[in-house]
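Secondary and tertiary structure notes
In case you want the letters, here they are:
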Amino acid sequence: MTRNVHTGETAYFPGIPRIRYEGPDSDNPLAFKAYDPEREIRGRSMEDHLRFAVCYWHTFCATGADPFGPGTRAPAWAAKPDPLARATDRIDAAFEFFSKLNVPHWCFHDFDLAWEGASVAESEKNLETMVGLAQERQKATGMKLLWGTANLFSHPRYMNGAATNPDFAVVTRAAAQVKAALDATVALGGENYVFWGGREGYACLQTTDTRRELEHFATFLHQARDYGRSIGFEGTFLIEPKPMEPMKHQYDFDAQTVIGFLRHHGLAGDFKLNVEANHATLAGHSFAHDLRMAADAGLLGSIDANRGDPQNGWDTDQFPTDLYDTVHAMMVVLEAGGLGGGGLNFDAKVRRESIDPEDLFIAHIGGMDAFARGLIIADRILADERTSALRFGRYESFDDGDGKRFENGELDLPALRNLAAENGEPAQRSGKQELMENLINDYIVRGAA
Ligand code: XUL
Ligand code: CO
């Protein structure tokens, strides 16, 4: 963190202290009420369960611009006209923010950290320069990289897609960027590498050879995987599902679509899913649904933590504050045995109207507390034996006897028919949905203290 040698004050977020846990009764907006990094749950610290990350793009690159008007914030780190000077100010601001927030991880796109040059070689050089600066700052602060990625959607050349572009020349540009972003991720010790298929999809079905594009996508991912492994990347490759926006349809539509794609193309051994809350809701699912689908497949890799707005269908990327959502999410994560090398990355942005530097802290504190509360409450709900009875008890007819034989594939269709004829009409059993929902509410209301 850059400090003024005379005053000891920090450069970009003066007046903001290091954020500490003060407990549920604190009314200090710049303190954690629930996130106590050292508190143990199931024998592991909260920090280790949640593995929070701050994203570079929304927090240090976005200015509040929307399709109807320009940015509302002009942060000090974005003022200088020279791109290297600006990128250096930005990285200083970022690491000052990370340290003050007391968050262990960060995430970036290639051209959040660096800037695109006039040629492939120039862009590579820009990124290498910034990776060098990031290495120094990681060393000084102990920060770790949760994941790196390449921005394959902003530049106009990607308007028809990147790996799935109908023009091979564009596919090669995407490959060059992914190669450099993988090099950067490895150099920074990144634990994961993300592919969000920003424009991998179509706007017009009638002008798109979807069969060929999907084949190209798989080939591209195989090559990226092979290159990553060849340079010593031992982490997980992640696909981040999203159904639409910017394209009318994106190939990585939702968790189940991506699971099928990965398995079909023999990629499931190296790739997992990065499930984003607002993407799941855009697909018409709940956040917990996509998490559960990924976890059931053994492919839950990491999470982009945010939320949409229930009253509209956009990808609003709001900070997660809804306890009902975080409790449900953490129930899935705990049941899955945790996130492993993944984490909870705040792919979230403060509102256009939130223009004070402290709003960036307040937003992250709220998100961290929401997931900390979700973790504590989910743990208690799962420890209540009624929870597993309500879910797993419904399947007890498969635990032994003919039900077990069916599960083992030992009963053919005529045998099943004969059992139906012998046993007559099955006795109906209540699904008990309301009982389950009330139990969850009871735990939420009891709180996270
Ligand atoms: C876009 C989105 C991206 C990815 C990284 O909706 O979520 O920021 O997380 O490319
Ligand atoms: Co995301």
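This structure is a prediction, so every number in the text was calculated from the model and none was measured. (Residues numbered from 1 in each chain as written. Chains lettered and ligands numbered in written order. Predicted model: local features only at pLDDT ≥ 70, side-chain atom pairs only at ≥ 80, totals over all residues. Heavy atoms only, no water.)

**Observations regarding the overall build of the chain**
- A count of helical and extended segments in the chain gives 16 helices and 14 strands.
- Taken over C-alpha atoms, the radius of gyration comes to 24 Å for the chain, in line with the 22 Å a tight globule of 449 residues would show.
- Principal-axis analysis of the C-alpha atoms gives the chain an extent of 85 × 60 × 45 Å.
- For the chain, the residues scored as buried account for 49% of the 449 residues in total.
- Long-range pairs, those at least 24 residues apart, make up 76% of the contacts in the chain between residues at least 6 apart in sequence.
- When the accessible area of the chain is evaluated, it comes to approximately 21,200 Å², of which 51% is carbon and sulfur surface. (Helix = DSSP H or I, 4+ residues; strand = E, 2+ residues; numbered from the N terminus. Rg over C-alpha atoms; globule rule 2.2 N^0.38 Å. Buried < 20%, exposed > 50% of the residue type's maximum accessible area, 1.4 Å probe, protein only. Contact = heavy atoms within 4.5 Å. Areas by Shrake-Rupley, 256 points an atom, 1.4 Å probe, with all protein chains shown as cover.)

**Considerations on the domain arrangement of the chain**
- Structurally, the chain comprises domain 1 (40-383) and domain 2 (398-446).
- A separation of 39 Å is found between the C-alpha centroids of domain 1 and domain 2.
- On the side of domain 2, seven residues touch domain 1, which itself brings seven residues to the contact.
- For the pairing of domain 1 and domain 2, the buried interface totals around 620 Å² over both sides, and the portion due to carbon and sulfur atoms is 80%.
- It is Tyr324, Ile377 and Ile381 that lose the most area in domain 1 upon contact with domain 2, and together they represent 63% of the buried surface on that side.
- Counting across the interface, domain 1 meets domain 2 through zero salt bridges.
- Linking domain 1 with domain 2 are zero residue pairs in polar contact (both at pLDDT 80 or more).
- Here the residues of the side of domain 1 that touches domain 2 sort into five nonpolar, one polar and one charged. (Domains from an automatic or database assignment. Buried area = accessible area lost by both parts, 1.4 Å probe. Salt bridge = Lys/Arg side-chain N within 4 Å of Asp/Glu carboxyl O. Polar contact = N/O pair within 3.5 Å; in protein donor to acceptor, adjacent residues only side chain to side chain. Nonpolar A, V, L, I, M, F, W, Y, C, P; charged D, E, K, R; others polar.)

**Comments concerning helix α15 (residues 413-423)**
- Capping the start of α15, Asp412 holds a side-chain oxygen 2.9 Å from the backbone nitrogen of Ala415, two or three residues further along.
- Following α15 by one or two positions, Gly424 adopts a phi angle in the positive range, close to 75°.

**Overview of the pairing of strand β12 (residues 271-276)**
- Within β12, five of the six residues are buried, which leaves the element mostly enclosed by the surrounding structure.
- As judged from the three bridges shared by strand β10 (residues 236-240) and β12, these two strands associate in the parallel manner. When the bridges of β12 are listed, Leu238 appears paired with Lys272.
- Examined bridge by bridge, β12 and strand β13 (residues 300-304) share four bridges and lie parallel to one another. Looking at β13, one finds that Glu276 is bridged to Asp304. (Pairing = 2+ DSSP bridges.)

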